[in-house]
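Letter by letter, the chains look like this.
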Amino acid sequence: MSAGVEGKLDVLDPQDQARFEQLVLPHLDAAFNLSRWLLRGRADAEDVAQESMLRAFRFFRGFHGGDARAWLLQIVRNACYTWLEKNRSVDLTTEFNEELHPQPSVSPETLAIAGDNRERLTRALEELPVRFREVLILRELEGCSYKEIAAITSVPIGTVMSALARARQRLQRVLTQPTVQQKQAAETGGRP
Amino acid sequence: MTCELTKTVLHGYLDGELDAARAADFERHLISCAECVTALEAQENLHSSIQRAGLYERAPASLRQKLQKELGTPTRSSVTPIRNPAPWRWLAIAATLLLAISLGWRLLPGLRGTSGETAIASAIVDAHLRSLQPGHLEDVQSTDQHTVKPWFDGKLTFAPPVHDFVNEGFPLQGGRLDVVQGRTVAVLVYARRKHLINVFIWPTTEPDSEPQSGSQLGYHWIAWRKSSMELYAVSDVSPEDLTALHHLLTQ
């Protein structure tokens, strides 16, 4: 960012500052939570959430009303993707190989048991490709509507439902499939 | 998996995002499609597991402090160099948290707020989650306000306002008694599309107030005081829906 732009936008008049405090700052938890799940770590999330909030402050004059949380989370999401590109680009290219993860027939009970393990649930979510993880986090943890998710992730609203469907099916698969260790044991002849 | 709907519409239904006609179509489909019934149950279980696991991670106090420093200083020095700036609300909250920790106040599990107000919100969200367990939602199941209102008589020392808003899209589902922070409260249950809203009500001596809102664990709440009653509405519906219900209840 050039010093000129920053110098010009850094200062909000008291009214704008108050509006920012009222409209945007209350969503700091949402900003942090989304960063934490996209980056899979609290320390990096803290940095990126901070940077995002500063960016939001700087460009607050460009916010012309509407859904402040969605506006902020859009900035957060972009910052997270930029961070991943720079520091962990493998996260952005890992796609879920459906052939390698055949859909087991899952009973609701099996899924309920697997899902009740917080650690396993966290790992399973973190294993999902980031594009599936983000819709799940926005819907399930942030309680966003499809319209808000569409705005935050820059996809047409019509594709949010299918993205969520695919994300949930993948989560279900990861939760109910054997762990890596179990799989290796099976491959080396430990199991049929 | 062969039924295509498990990959699409089922999720819109689960999330309460289908319009009434499409939701009704899907409900008809459920009668004849065992696969969708199983898939729906599995997805509902997954949804409750996620909600129960407490996966939401709140911003640490260190981040709030850094931001206060970054955002507060330039504005203060350039706009109001002499006058003391109004302290940021959340800085006060952060300070409260530090004080609370230093006093050895044990944070309840799942309590993500730090003031007394959010402690109540936390208890309310817990009570909301509890109510979603099978068989816990209503003690009196009726969409008729003239059945629900008398049901509370004799069970409480106050008379909660009971109204049905079926025409406004918030049909009354029933009511129950609950205990929040050691106090017996009345709860009205409203539906909004496929979602449920719990409205917790108890008497107060405080004056009427403007609504305050927030969210925890992905649930939104809105709270206000009116006519010597304190009301807390909580649900996974959008904050806009809760605001709409608040307007109806304060009319």
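(A) Molecular detail of the overall build of chain B. Along its length, chain B carries eight helices and seven strands. Out of the 251 residues in chain B, the part that is buried amounts to 33%. Partitioning the contacts of chain B with sequence separation of at least 6, the portion at a separation of at least 24 is 51%.

(B) Inspection of the overall build of chain A at higher detail. Along the backbone of chain A there are twelve helices and zero strands. Ordered by position in the sequence, the α and β elements of chain A form the string α-α-α-α-α-α-α-α-α-α-α-α. Considering only contacts in chain A between residues 6 or more positions apart, those separated by 24 or more positions represent 70%.

(C) Unusual backbone geometry, seen in detail. With a phi close to 55 degrees, A:Ser154 is a non-glycine residue in the positive phi region. With respect to the secondary-structure elements, A:Ser154 resides in the loop between helix H10 (146-153) and helix H11 (160-176). A positive phi angle, close to 65 degrees, is found at B:Ser228, a residue other than glycine. Mapping B:Ser228 onto the fold places it in the loop between strand S6 (219-226) and strand S7 (229-235). Judged by C-beta crowding, with 12 C-beta atoms within 10 Å, B:Ser228 ranks as exposed.

(D) Highlighting the interface of chain A and chain B. Counting from both sides, the interface comprises 44 residues of chain A and, opposite them, 42 residues of chain B. Where the side of chain A that touches chain B is concerned, the elements lending two or more residues are helix H2 (14-23), helix H3 (28-39), helix H4 (42-58), helix H7 (108-115), helix H8 (118-127), helix H9 (130-141) and H11 of chain A. Of the residues that constitute the side of chain A that touches chain B, the class distribution is 21 nonpolar, ten polar and 13 charged.

(E) Summary view of the nonpolar core. Counting 106 residues, the largest nonpolar core has A:Ala31, B:Trp221 and B:Ala233 as its most contacted members. No other element matches helix H5 (residues 68-87) of chain A, which puts ten residues into this core. With residues near it in sequence (within four places) discarded, A:Ala31 still touches A:Ala49, A:Ser52, A:Met53, A:Leu72, A:Leu73 and A:Val76.

(F) Highlighting the pairing of strand S4 (residues 195-203) of chain B. Residue and element names in this part refer to chain B. Relative to S4, strand S3 (residues 183-192) runs antiparallel, the two being bridged by seven bridges. Note on S4: the bridge partner recorded for Ala191 is Leu196. Linking two consecutive strands that pair antiparallel, namely S3 and S4, is a turn of two residues; a positive phi of about 50 degrees is found at Arg193 within it. With seven bridges connecting them, S4 and S7 associate as antiparallel partners. Bridge pairing in S7 links Trp202 to Glu230.

(G) Highlighting the packing of H4(A) against H5(A). Residue and element names in this part refer to chain A. Put simply, H4 and H5 touch, their axes get as near as 9 Å, and they point 130 degrees apart. Classed by the angle they form, the pair H4 and H5 counts as oblique. The two elements H4 and H5 cross, and the hand of that crossing is right-handed. Contacts between H4 and H5 involve Asp44, Val48, Ala49, Glu51, Ser52, Arg55 and Ala56 from the first element and Leu72, Ile75, Val76, Ala79, Cys80 and Trp83 from the second. The class makeup of the residues in the contact of H4 with H5 is nine nonpolar, one polar and three charged.

(H) Quick peek at the confidence of the model for chain B. Residues and elements named next belong to chain B. Confidence along chain B averages 78 in pLDDT terms, with 80% of residues attaining 70 or more. By mean pLDDT, the top-scoring element of chain B is S7 (92), and the lowest-scoring one is helix H5 (residues 89-102) (51). In this model residues 101-114 is a low-confidence stretch, pLDDT under 50, and it forms 19 contacts with partners more than four residues away in sequence or in other chains. On the interface metric, ipTM, the complex scores 0.83, and its pTM is 0.57.

(I) Here's a closer look at the sheet that holds strand S2 (residues 172-180) of chain B. Residue and element names in this part refer to chain B. Sheet architecture is open: seven strands sit in the order S1-S2-S3-S4-S7-S6-S5, paired in antiparallel fashion. Two strands bound the open sheet, and with one partner strand each, they are strand S1 (140-141) and strand S5 (212-216). Most of the contacts of helix H7 (residues 145-152) go to S2, to which it runs at about 20 degrees, and overall it touches S1, S2 and S3. This element, helix H8 (residues 239-250), spans S3, S4, S5, S6 and S7 of the sheet and lies at about 20 degrees to S6.

(J) Just H9(A), in detail. All names here are of chain A. The terminal C-alpha atoms of H9 lie 15 Å apart, and with twelve residues this matches the ideal 16 Å at 1.5 Å per residue to within 8%. Among the twelve residues of H9, eleven are classified as buried, and the element is accordingly described as predominantly covered. Taken together, the buried positions of H9 are occupied by Val130, Phe132, Arg133, Glu134, Val135, Leu136, Ile137, Leu138, Arg139, Glu140 and Leu141. Looking at the residues trailing H9, positive phi occurs at Gly143, about 65 degrees.

(K) Representation of the packing of H3(A) against H4(A) within the structure. Residues and elements named next belong to chain A. Interaxial distance between H3 and H4 falls to 8 Å at its minimum, and their mutual angle equals 135 degrees. Taken together, the axes of H3 and H4 lie oblique to each other. As H3 runs across H4, the sense of the crossing is right-handed. In this structure, H3 uses Leu28, Ala31, Phe32, Ser35, Arg36 and Leu39 to contact H4, whose residues at the interface are Arg42, Asp44, Ala45, Val48, Ala49, Ser52 and Met53. When the residues that make up the contact of H3 with H4 are grouped by side-chain class, the tally is eight nonpolar, two polar and three charged.

(L) Molecular detail of the pairing of S2(B). Residue and element names in this part refer to chain B. Both S1 and S2 contribute to a ladder of two bridges, which runs antiparallel. Note on S2: the bridge partner recorded for Gln141 is Gly174. Bridging between S2 and S3 involves eight bridges; their strand directions are antiparallel. Within the sheet, the bridge partner assigned to Asp178 lies in S3 and is Val185. From the end of S2 to the start of S3, which pair antiparallel, there are two residues, and Gln181 there has a positive phi angle of about 50 degrees.

Thresholds applied
Numbering of residues starts from 1 in each chain and follows the order in which that chain's sequence is written. Think of it this way: whatever chain is written first is A, whatever ligand is written first is 1, and the rest follow in order. This being a predicted model, a pLDDT of at least 70 is required before a residue's local features are given, and a value of 80 or more before pairs of side-chain atoms are given or counted; all residues contribute to the totals for chains, interfaces and linings. Think of it this way: any DSSP run of H or I at least four residues long counts as a helix, any run of E at least two long counts as a strand, and we number them from the N terminus. Counting other C-beta atoms within 10 Å of a residue's own tells you its class, since 20 or more makes it buried, 12 or fewer makes it exposed, and anything in between is partly exposed; those C-beta atoms are placed from the backbone. Whether two residues are in contact depends on their C-beta atoms, placed from the backbone: they are in contact if these lie within 7 Å. Residue polarity follows a fixed list, in which Ala, Val, Leu, Ile, Met, Phe, Trp, Tyr, Cys and Pro are nonpolar, Asp, Glu, Lys and Arg are charged, and the others, Gly among them, are polar. Note on terminology: a nonpolar core is a set of buried residues of type Ala, Val, Leu, Ile, Met, Phe, Trp, Tyr or Cys, with members joined through C-beta atoms within 7 Å. Paired strands are those between which DSSP finds at least two bridges. Think of each axis as a best-fit line through the C-alpha atoms, taken over the contacting stretch in the case of a helix, with angles from 0 to 180 degrees between the N-to-C directions. In these notes the angle categories are as follows: under 35 degrees is roughly parallel, over 145 is roughly antiparallel, 65 to 115 is roughly perpendicular, and the rest is oblique. The sense of a crossing depends on the near helix, which, turned anticlockwise from the far helix by less than a right angle, makes the crossing left-handed and, turned clockwise, makes it right-handed. Confidence scores labelled pLDDT are given residue by residue by the predictor and lie between 0 and 100. What a helix is expected to span follows from its residue count: subtract one and scale by 1.5 Å.

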